[in-house]
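Structural features, examined
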Amino acid sequence: MAVIASRRSPTRLLTSVRAVLSGAFRQHSSLTTDLIENMDKKETWDRFYRENNVKRDFKNFEWFFGFDSVQDFILPLLRPQPSCATIRRVLDLGCGTSALGPGIYKHSQWPVHVTCADISPVAVQLLQEQANSKPIQPGNPSSRLTFLELDCCRLQARFGEQSLDVIVDKGTTDALLRSREGQPKAGLVLKQCLGVLRQSGCLLQFSDEDPDARVLWLERESGLVARVGVQEVGTLRGVCYYCYMITPCAP
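Residues numbered from 1 in each chain as written. Predicted model: local features only at pLDDT ≥ 70, side-chain atom pairs only at ≥ 80, totals over all residues. Heavy atoms only, no water.

1. Description of the overall build of the protein chain
Across its full length, the protein chain holds ten helices and seven strands. The buried share of the protein chain, reckoned over its 251 residues, is 52%. Taking contacts inside the protein chain between residues at least 6 apart in sequence as the whole, the part at least 24 apart equals 74%. Surface accessibility of the protein chain: about 11900 Å² in total, with carbon and sulfur atoms responsible for 50%. (Helix = DSSP H or I, 4+ residues; strand = E, 2+ residues; numbered from the N terminus. Buried < 20%, exposed > 50% of the residue type's maximum accessible area, 1.4 Å probe, protein only. Contact = heavy atoms within 4.5 Å. Areas by Shrake-Rupley, 256 points an atom, 1.4 Å probe, with all protein chains shown as cover.)

Dropping the structure here:
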């Protein structure tokens, strides 16, 4: 049941990807086609980040929007809870070379351990090298920032059950749902996220998909073991974006 994919025609999706890429490439028709068809493949993203950084100084590449647009959705979730004195653990899922994870690390006044994870070792290495060359001052001296090569379909093999407080997904699920072979993976990723989230945790999915499509898909794929909420983020380049908040239900 391709609820979300059916909401966007190939023509609209092609236009959307071209708009995102226009700031990075002058000639990108081949890469655009590859992205449209194979956004669930590691090789596609390796190529994208490699070509995006050929003979140029490193620059964070943001899909949709940057940290400033969504910080008000993320930072309040990092406030320590009276019943839990441990550091808040945050996963930036499919981080690419975005400044989102480093932004959380920099701006959270409360101690956090932020992990920026991506399937592309090229992206992870670029972020790591940037952090090494230009260290980021944390918002709290006890905070930590790490970078990890990780297939988002295998979260439970890397993180313990109920070990994360916040997972941020900015376009990763969208990429899976809109690729030729990625839709089954999108449902698997959702289940993996719910498995590693604490009962008090939250998964934030940022997407341009309409709520009537995404909420239905989330409820179905989660097996009704999670609560789903939605808030509008705002409009950028004529496209309206949403924040879907998925929280585990108490057993």
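Read on for the rest.
2. Regarding the environment of Thr86
Assignment of secondary structure puts Thr86 in the loop between α4 (67-74) and β1 (88-93). Sequence separation of Thr86 and Pro111 is 25 residues, and the distance between their C-alpha atoms is 8.9 Å.

3. Some points on the nonpolar core
Core analysis: the largest hydrophobic core is formed by 31 residues, its most contacted members being Ile74, Leu78, Ile104, Val114 and Phe206. Of all elements in the fold, only α4, α5 (100-107), β2 (112-118), α6 (121-133), β3 (144-149), β4 (164-170), β5 (197-207) and β7 (239-248) reach the threshold of two or more residues within this core. Beyond its immediate chain neighbours, meaning those up to four positions away, Val114 contacts Val90, Gly101, Ile104, Tyr105, Arg144, Leu145 and Thr146. (Core = buried A, V, L, I, M, F, W, Y, C linked by side-chain atoms within 4.5 Å.)

4. Looking at the pattern of salt bridges
Tallied over the full model, the rule gives 13 salt bridges. The partner of Asp165 in a salt bridge is Arg88, and the shortest N-O contact between them spans 3.1 Å. With Asp165 in strand β4 and Arg88 in strand β1, the pair connects residues that are 77 residues apart, well separated along the chain. Each member of the pair, Asp165 as well as Arg88, is classed as buried. Linking Lys191 and Glu221 is a salt bridge whose minimum nitrogen-to-oxygen distance equals 3.3 Å. Here the residue Lys191 occupies a position in helix α9 (residues 183-196), and Glu221 occupies one in helix α10 (residues 211-221), the gap between them amounting to 30 residues. (Salt bridge = Lys/Arg side-chain N within 4 Å of Asp/Glu carboxyl O.)

5. Some remarks on the state of the cysteines
Simply put, the disulfide is a covalent bond whose two ends are the sulfur atoms of two cysteines. For the structure shown, the criterion picks out zero disulfides. As a non-bridged cysteine, Cys153 has Cys152 as the owner of its nearest cysteine sulfur, 4.7 Å distant. According to the relative accessible area criterion, Cys153 is buried, its value standing at 14%. (Disulfide = S-S within 2.5 Å.)

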